[in-house]
Amino acid sequence: MSKFAIPALCLCLWSAPSFSQPQEPAPALEAAPEQIHVVAQRPGPGMWKVSKGDHVLWVFGTYAPLPKNMEWRAHEVEAAIAGSQEYLAPMGAKAEAGFFKGITLLPHLIGVRKNPDGASLRDLLPPEQYARWTGLKAKYMPDNEDAERERPIFAAEALIRVARQQAGLVGDDAVRKRVQELVKNGKLTYTSSTVDLPMDNARTMLKNFKKTSLNDVACLSTTMAALETDIAEASARANAWARGNIDEIRKLDFAEREEACFNNVFSSAAFDADPAFKNMRILMRQKWLANAEKALAQNASTFALLQIKDIIDPNGVIAALAAKGYTVEQPQ
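Positions within a chain are numbered from 1, following the residues in the order the chain's sequence is written. Two thresholds apply to this predicted model, a pLDDT of at least 70 for residue-level local features and 80 or more for giving and counting side-chain atom pairs, whereas whole-chain, interface and lining totals are computed over all residues. Side-chain calculation: all heavy atoms of the structure are included, whereas hydrogens and water are not.

Undergrad: Can you explain the pairing of strand β4 (residues 86-94)? Please cite residues and give values.
TA: Along any regular strand, the residues point their side chains to alternate faces of the sheet. Each residue is assigned to one of three classes by its accessible area relative to the maximum for its type, calculated with a 1.4 Å probe on protein chains only: buried under 20%, partly exposed between the two thresholds, exposed over 50%. Helix and strand assignments follow DSSP, with helices taken as H or I runs no shorter than four residues and strands as E runs no shorter than two, numbered in order from the N terminus. Most of β4 sits inside the fold, with 8 of its 9 residues counted as buried. Pairing between strands is defined by DSSP: at least two bridges between them are needed. Pairing analysis gives 7 bridges linking β4 to strand β6 (residues 189-196), with the strands arranged parallel. Counted as the bridge partner of Lys94 is Asp196 from β6. Inspection of the sheet shows β4 paired to strand β7 (residues 301-307) by 3 bridges, in the parallel sense. Note that in β7 the partner of Glu86 across the bridge is Thr302.

Right, here's the structure in full:
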């Protein structure tokens with residue numbers, strides 16, 4: 001994603017894993033937790049099987065955050081990739097302005113992380129939420145003075161990142177890297193499912209962004225409410241993924257933070273200049289489904305990578321394939 005496009009600053013929050021349903025009362029603030037490590041090798045997560053006739057699409061779901069140094073067996077994934085002809089990359093979106101156009105946009109980027117009219121988080125958050133924010137900030141990032149005047153969505157992203165780092169939690173990069181190595185070694189045809197968002201109205205969009213409220217207070221509130229619980233349970237959840245425990249995986253609630261940190265933001269007036277940003281989720285879904293159906297028609301076997309939340313979503317792409325008549329089998 002282009003560093004010159006303000007939507008790219010928000011897209012990272014959508015790709016980040018969502019938190020579970022917040023639990024009340026809020027946990028007491030204590031010293032930062034000891035780092036979580038899981039080093040025992042796990043049996044490995046299973047894959048969803050989508051088929052039509054004798055053509056198969058194997059779908060592997062990634063999950064994060066994961067404890068640092070956790071190992072998982074990739075035997076089933078290796079076998080599926082080895083027997084496949086094509087790789088479907090995960091859904092995504094990017095906005096690239098190009099170098100020369102990006103240079104002309106640089107002046108418009110000044111202040112994009114700040115709240116309109118110089119507002120601070122104290123001005124935006126209800127008193128009880130602001131008290132929680134000051135406690136978590138003091139605990140996880142006491143030296144980050146800039147966060148106080150940042151938009152709630154950016155403050156939430158900073159809080160998540162630092163809290164996970166202190167707890168020894170990482171993203172799913174190692175899993176994705178391993179899959180990409182296997183795909184490369186297997187010489188599979190690579191098919192992107194990334195939507196290219198137009199930047200024709202970049203200047204207007206940047207101007208609108210800087211002066212428009214994003215309705216993102218709920219993003220920070222939801223993040224804070226679930227943060228302590230999610231870190232405490234991160235090891236158990238990661239192990240459920242690594243074992244392929246589908247019942248436990250389905251208990252994870254991805255919807256609330258997704259709604260607060262993605263849907264609310266991109267439905268705001270800040271992106272009225274280009275409908276593609278507001279329809280991003282629809283465009284991504286359409287592109288992935290089109291690629292999946294084409295692959296199922298052409299290949300004996302195809303391998304796909306998705307975030308686990310996109311697989312188990314009852315309104316997601318796997319459910320859409322089932323509704324179209326494809327046979328869908330979840331891991332045993």
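Undergrad: Lay out helix α6 (residues 152-166) in plain terms, naming residues and giving numbers.
TA: To estimate how far a helix should extend, the number of its residues minus one is multiplied by 1.5 Å. For α6, which comprises 15 residues, the first-to-last C-alpha distance of 21 Å matches the rise-based estimate of 21 Å (1.5 Å per residue) to within 8%. For α6, the set of buried residues is Pro152, Ile153, Phe154, Ala155, Ala156, Glu157, Ala158, Leu159, Ile160, Val162, Ala163 and Arg164. Within two residues after α6, Gly168 carries a phi angle of roughly 75°, on the positive side.

Undergrad: If you had to explain the nonpolar core to someone new, which residues and values would you point to?
TA: Ranked by size, the top nonpolar core spans 91 residues in total, and within it Leu57, Phe60, Trp133 and Trp288 carry the most contacts. Element by element, the count of residues in this core is highest for α6, at 8 residues. Residues are treated as being in contact if the distance between any of their heavy atoms lies within 4.5 Å. If sequence neighbours within four positions are ignored, Trp288 has contacts with Leu57, Leu88, Ala89, Met91, Ser193, Ala304, Leu306, Val317, Ile318 and Leu321. Grouping buried Ala, Val, Leu, Ile, Met, Phe, Trp, Tyr and Cys residues that are joined through side-chain atoms within 4.5 Å yields what is termed a nonpolar core.

Undergrad: Before we move on, can you summarise the packing of helix α5 (residues 127-140) against helix α9 (residues 217-232) with the specific residues and values?
TA: Angular values range over 0 to 180 degrees, each being the angle between N-to-C directions of two axes fitted as lines to C-alpha atoms, with helices fitted over their stretch in contact. Following both chains from N to C, one finds α5 and α9 inclined at 50°, their axes separated by 10 Å at the closest point. Taken together, the axes of α5 and α9 are oblique relative to one another. For the element pair α5 and α9, the recorded crossing hand is left-handed. On the side of α5, the interface is formed by Gln129, Arg132, Trp133, Leu136, Lys139 and Tyr140, while α9 contributes Leu220, Ser221, Met224, Ala225, Leu227, Glu228 and Ile231. Each angle receives one of four descriptions, namely roughly parallel if under 35 degrees, roughly antiparallel if over 145, roughly perpendicular if within 65 to 115, and oblique otherwise. Crossings are assigned a handedness: left-handed for a near helix turned anticlockwise from the far helix by less than a right angle, right-handed for a clockwise turn.

Undergrad: Break down the pattern of salt bridges for me, with residues and values.
TA: Put simply, a salt bridge is a Lys or Arg side-chain nitrogen that is within 4 Å of an Asp or Glu carboxyl oxygen. If you walk through the whole model with that rule in mind, you get 9 salt bridges. Of the charged contacts in the structure, one is a salt bridge between Glu78 and Arg178, with a shortest N-O distance of 2.8 Å. Linking Glu78 in helix α2 (residues 75-82) with Arg178 in helix α7 (residues 173-185), this pair joins segments that are 100 residues apart in sequence. Here Glu78 falls in the partly exposed class, since its relative accessible area comes to 29%. For Arg178, a relative accessible area of 30% corresponds to the partly exposed category.

Undergrad: Could you give an account of the packing of aromatic side chains, with specific residues and numbers?
TA: The geometry of an aromatic ring pair comes down to the distance between the two centres and the angle between the two planes. Between the rings of Phe, Tyr and Trp (Trp by its six-membered ring), a pair exists once the centres lie within 6.5 Å; its type follows the angle of the planes, with under 30 degrees stacked, over 60 edge-to-face, and the other angles tilted. Applying the stated criterion to the full structure yields 3 aromatic pairs. Ring centres 5.6 Å apart and planes at 50° place the aromatic pair Tyr87 and Tyr190 in the tilted group. Placement of Tyr87 in strand β4 and of Tyr190 in strand β6 is noted, with a sequence separation of 103 residues between them. The class of Tyr190 is exposed, set by a relative accessible area of 55%. Centroid distance Tyr87 to Phe303: 6.3 Å. Interplanar angle 20°. Geometry classified as stacked. Of this pair, Tyr87 sits in strand β4 while Phe303 sits in strand β7, and the two are 216 residues apart along the sequence. Judged on exposure class, the residue Tyr87 and its partner Phe303 are both buried. Ring pairs connect the aromatic residues Tyr87, Tyr190 and Phe303, which therefore count as one cluster. The rule for a charge over a ring is simple: NZ of Lys or CZ of Arg within 6 Å of the ring centre, and within 35 degrees of the ring normal. For Lys52, the ring lying beneath its charged end belongs to Tyr326, and the centroid distance is 5.2 Å.

Undergrad: Just give me the short version of the sheet that holds β4, but keep the residues and values in it.
TA: Pairing is mixed in the open sheet, where 6 strands are placed in the order β6-β4-β7-β2-β1-β8. Edge positions in the open sheet fall to β6 and β8 (327-329), since each of these has one partner strand only. Pairs of neighbouring strands in the sheet enclose a mean axial angle of 20°, with direction left out of account. Inspection of the sheet shows strand β1 (residues 48-52) paired to strand β2 (residues 55-62) by 5 bridges, in the antiparallel sense.

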